[in-house]
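Inside the fold
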Amino acid sequence: MKNVMLLIDYGGVLGYDHLLEQEEALAYAVGLTQAELNNRISEKSVVGKAFRENKITEVEFWKIVSQDESIEEPYAKVLTRMWMDTYKLNPFMMNYLQKLRKKNIKVGILTNIDIGRSELLKKILDVDNNLDYYFPSYIFGFSKDTTQLWYLVNEQLVNDCGYDNIIYVDDRAEHVLSAEIVGWTGIRYYNLDQLEKQLDLLF
């Protein structure tokens, strides 16, 4: 198919998220309970949103999360790597994306992520070989709960790249709705089987 673009989220779609053992290790490292940690680093928290929008640095983020002013860059990078380890690539989803690419369907990632984890994620995904597009929120200075991010990505895909059929997949209903507001086809993700069936109908 021509001019078809499939964008998906990473955490909860292409990647498994909230891995218990790894979250517990990170929580221990910053002196918090797992629940406290998740509340503070969430994209819905003030500091979590600011980090994903590139409005605060990695060091500032971890100082605020841990309430420890002694944190410096080397340890902040360790914490960021531990945070990235609370996600794990779903190889079945990645294999499915490669099958779609062989059918001339372009695939990419649109995800809320900070600059530190993004560099790690690009290596995990092997972006240059496995994806056609990679849109991390920090580059745009906005996150997915803002209208600006959606319009900026849409402008790039429609005006610069010529895509007239953009499909977006996310496990969060509010992000699916945001995609539909800019004229994309939104799909809420529950599992790979469900997604394959829905995309088969569209394709």
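You'll find the structure just up there.
Within each chain, residues carry numbers counting from 1 in the order of the written sequence. Thresholds applied to this predicted model are a pLDDT of at least 70 for local features of residues and 80 or more for the giving and counting of side-chain atom pairs; totals over whole chains, interfaces and linings are not thresholded and use all residues. To get the side-chain values, take all heavy atoms of the structure and skip hydrogens and water.

**As for the nonpolar core**
As a reminder, the rule being used: Among buried residues, the Ala, Val, Leu, Ile, Met, Phe, Trp, Tyr and Cys ones that are joined through side-chain atoms within 4.5 Å form a nonpolar core. Relative accessible area decides the class of each residue, using a 1.4 Å probe on protein chains only: under 20% of the type maximum gives buried, over 50% gives exposed, and in between gives partly exposed. For helices the rule is a DSSP run of H or I covering at least 4 residues; for strands it is a run of E covering at least 2, with both sets numbered from the N terminus onward. Residue contacts are defined here by distance: any two heavy atoms, one from each residue, within 4.5 Å place the two residues in contact.
Judged by nonpolar contacts, the single largest core of 48 residues is most densely connected at Leu6 and Trp62. A total of five residues in this core trace back to one element, the largest contributor, which is helix α6 (residues 91-102). Excluding residues within four positions of it along the chain, Leu6 makes contact with Leu97, Leu100, Ile105, Lys106, Val107, Gly108, Ile167, Val169 and Leu199. With 16 residues, the next largest nonpolar core counts Leu7, Leu110, Tyr133 and Trp184 among its residues.

**Quick notes on the packing of aromatic side chains**
The condition is simple: Think of it this way: a Phe, Tyr or Trp ring, Trp meaning its six-membered ring, pairs with another when their centres are within 6.5 Å, and the plane angle makes it stacked under 30 degrees, edge-to-face over 60, tilted otherwise. Only when the NZ atom of a Lys or the CZ atom of an Arg is both within 6 Å of the ring centre and within 35 degrees of the ring normal do we say a charge sits over the ring.
Throughout the structure, instances matching the rule amount to twelve aromatic pairs. Considering the side-chain rings of Trp62 and Trp83, the 5.7 Å spacing of their centres and the 85° angle between planes classify their relative orientation as edge-to-face. Placement of the pair is Trp62 in helix α4 (residues 58-66) and Trp83 in helix α5 (residues 73-84), with a sequence separation of 21 residues. Among the aromatic residues, those joined into a ring-pair cluster are Phe51, Phe61, Trp62 and Trp83. Of note, Lys55 hangs over the ring of Phe142, and the distance from its end group to the ring centre comes to 5.4 Å. Over the ring of Trp83 we find Arg117; its NZ or CZ atom is 3.6 Å from the centre of that ring.

**Focus: the pairing of strand β6 (residues 165-170)**
Quick reminder of the rule: Strand pairing is assigned whenever DSSP identifies at least 2 bridges connecting the two strands. Note on handedness: a crossover is taken as right-handed if, strands pointing away from the viewer, the path from the first strand over the helix to the second is clockwise.
For β6, the buried fraction is high: five of the six residues fall into the buried class. Across four bridges, β6 lies against strand β7 (residues 185-188) in parallel orientation. Pairing of Ile167 across the sheet is with Thr185, part of β7. Crossover β6 to β7 through helix α11 (residues 173-181) is right-handed.

**Examining the side chain of Lys144**
As a reminder of what qualifies: Nitrogen and oxygen atoms within 3.5 Å of one another constitute a polar contact, given that in protein one can donate a hydrogen and the other can accept it, and given that sequence-neighbouring residues count only through two side-chain atoms.
Mapped onto the elements of the fold, Lys144 is located in the loop between α9 (137-140) and α10 (147-160). A relative accessible area of 1% means that Lys144 is categorised as buried. Among the polar contacts made by the side chain of Lys144, one reaches the side chain of Asp9 at a distance of 3.0 Å. When neighbours within four sequence positions are excluded, Lys144 is seen to be in contact with Asp9, Leu110, Thr111, Asn112, Leu149, Trp150, Tyr168, Asp170, His175 and Ser178.

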